[in-house]
Amino acid sequence: MSKEMMNTKEVASYLEIHEKQVYALIKEGKIPCTKATGKWIFPKYIIDSWIEDNVRAGMKQAMEKAARMPGALLAAGSNDPVLDLLLSTFRLSHPDIIVFSANTGSSHGLTALGKGLVDIAWSHLFDKDSGQYNLPFISRLAPGLDAVILSMFTRETGIVTSPKSSKHIKTIPDLGKKT
């Protein structure tokens, strides 16, 4: 398919979601697309616009909530389950501090921080050239920002198998082998 048009598999990869989630979004009418020759088609420029619109809507909603509560902090950026757990724990131990968070993606969070729209940016961007997370992106997305950077946690991703399967699966290629 051309770079301007994407199919369901390509849009799933582009959005970094499972292809089944794309079909759920189609069914709910939440993603812009059209059907041509029996296949769903997603114009890239419309998907990009849809992403921007969703980011703006999320930011607007979070800003409106924060404005109604003096002293509330506004955060934007990455959406991470561990971050949600951290915020829940923080709320329990500090009920007097309110943090509103908009899931906008790391880049948009840093951009919003650089523009003074938020107090906190959640970010996990990896720079291939330097091998660093986040730091190289601050000067690009939030130029001139005198930021305080806190590294909160790292991830380790693995595969969980049943005890019976684990006898045969020791490496990634083993996943494709029949036992």
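Bear in mind that the values here come from a model prediction, so they are computed numbers and not experimental data. (Residues numbered from 1 in each chain as written. Predicted model: local features only at pLDDT ≥ 70, side-chain atom pairs only at ≥ 80, totals over all residues. Heavy atoms only, no water.)

1. A short note on the overall build of the protein chain
Next, step 1: Each helix and strand in the protein chain was counted, giving 7 helices and 8 strands.
Next, step 2: Radius of gyration (C-alpha) of the protein chain: 20 Å, far over the 16 Å computed for a compact globule of 179 residues.
Next, step 3: Projected onto the principal axes, the alpha-carbon positions of the protein chain cover approximately 60 × 45 × 35 Å.
Next, step 4: Expressed as a percentage of its 179 residues, the buried residues of the protein chain come to 25%.
Next, step 5: Of the contacts formed within the protein chain by residues at least 6 apart in sequence, a portion of 56% connects residues at least 24 apart.
Next, step 6: Looking at the protein chain as shown, the accessible area adds up to about 13000 Å², and 56% of this sits on carbon and sulfur atoms.
Next, step 7: Side-chain charges in the protein chain split into 22 positive and 18 negative, and the spacing between the mean points of these groups amounts to 10 Å. (Helix = DSSP H or I, 4+ residues; strand = E, 2+ residues; numbered from the N terminus. Rg over C-alpha atoms; globule rule 2.2 N^0.38 Å. Buried < 20%, exposed > 50% of the residue type's maximum accessible area, 1.4 Å probe, protein only. Contact = heavy atoms within 4.5 Å. Areas by Shrake-Rupley, 256 points an atom, 1.4 Å probe, with all protein chains shown as cover. Lys, Arg positive; Asp, Glu negative; His and termini not counted. Charge placed at Lys NZ, Arg CZ, Asp CG, Glu CD.)

2. Observations concerning the nonpolar core
Next, step 1: Formed by M6, V11, A12, V22, L25, I26, I31, F42 and I47, the largest nonpolar core amounts to 9 residues.
Next, step 2: Broken down by secondary-structure element, the contributors of at least two residues to this core are helix 1 (8–15) and helix 2 (19–27).
Next, step 3: Here the element with the most residues in this core is helix 2; it accounts for 3 residues.
Next, step 4: Non-local contacts of I31, meaning those with residues more than four positions away in its chain, are made with L15, V22, L25, I26, F42, I47 and W50.
Next, step 5: Core analysis: the second largest hydrophobic core is formed by 8 residues, A72, A76, F100 and A102 among them. (Core = buried A, V, L, I, M, F, W, Y, C linked by side-chain atoms within 4.5 Å.)

3. Things to note about the packing of aromatic side chains
Next, step 1: Applying the stated criterion across every chain yields a total of 1 aromatic pair.
Next, step 2: Note on F126 and Y133: the rings are 5.0 Å apart at their centroids and 55° apart in plane angle, and the pair reads as tilted.
Next, step 3: Overall, F126 belongs to the partly exposed group, its relative accessible area being 42%.
Next, step 4: A cation sits over an aromatic face here: R140 above F137, 4.7 Å from the ring centre. (Phe/Tyr/Trp six-rings, centres within 6.5 Å; stacked < 30°, edge-to-face > 60°. Lys NZ or Arg CZ within 6 Å of the ring centre and 35° of its normal.)

4. With respect to the sheet that holds strand 3 (residues 39–43)
Next, step 1: Across the sheet, 3 strands lie side by side as 1-3-2; this open sheet has antiparallel pairing. Each end of this open sheet is capped by a strand with a single partner; those strands are strand 1 (5–6) and strand 2 (34–36).
Next, step 2: Of the pairings in the sheet, the one linking strand 2 to strand 3 comprises 3 bridges and is antiparallel in character. Its bridge partner being in strand 3, T34 is matched across the sheet by I41. (Pairing = 2+ DSSP bridges.)

5. Structural notes on the packing of helix 1 against helix 2
Next, step 1: Running from amino to carboxyl end, helix 1 crosses helix 2 at an angle of 105°, the nearest separation of the two axes being 8 Å. What the angle tells us is that helix 1 and helix 2 run roughly perpendicular. Note on element contacts: helix 2 touches helix 1 through E19, V22, Y23 and I26, opposite T8, K9, V11 and A12.
Next, step 2: Its residues assigned to classes, the contact of helix 1 with helix 2 comprises 5 nonpolar, 1 polar and 2 charged. (Axes fitted to C-alpha atoms, helices over the stretch in contact; angles between N-to-C directions. Parallel < 35°, antiparallel > 145°, perpendicular 65-115°, else oblique. Nonpolar A, V, L, I, M, F, W, Y, C, P; charged D, E, K, R; others polar.)

6. Concerning the environment of K60
Next, step 1: Locating K60 in the fold gives a position in helix 3 (residues 44–67).
Next, step 2: By relative accessible area, which is 53% here, K60 ends up exposed.
Next, step 3: As for K60 and V82, which are separated by 22 residues in sequence, their C-alpha atoms are 24 Å apart.

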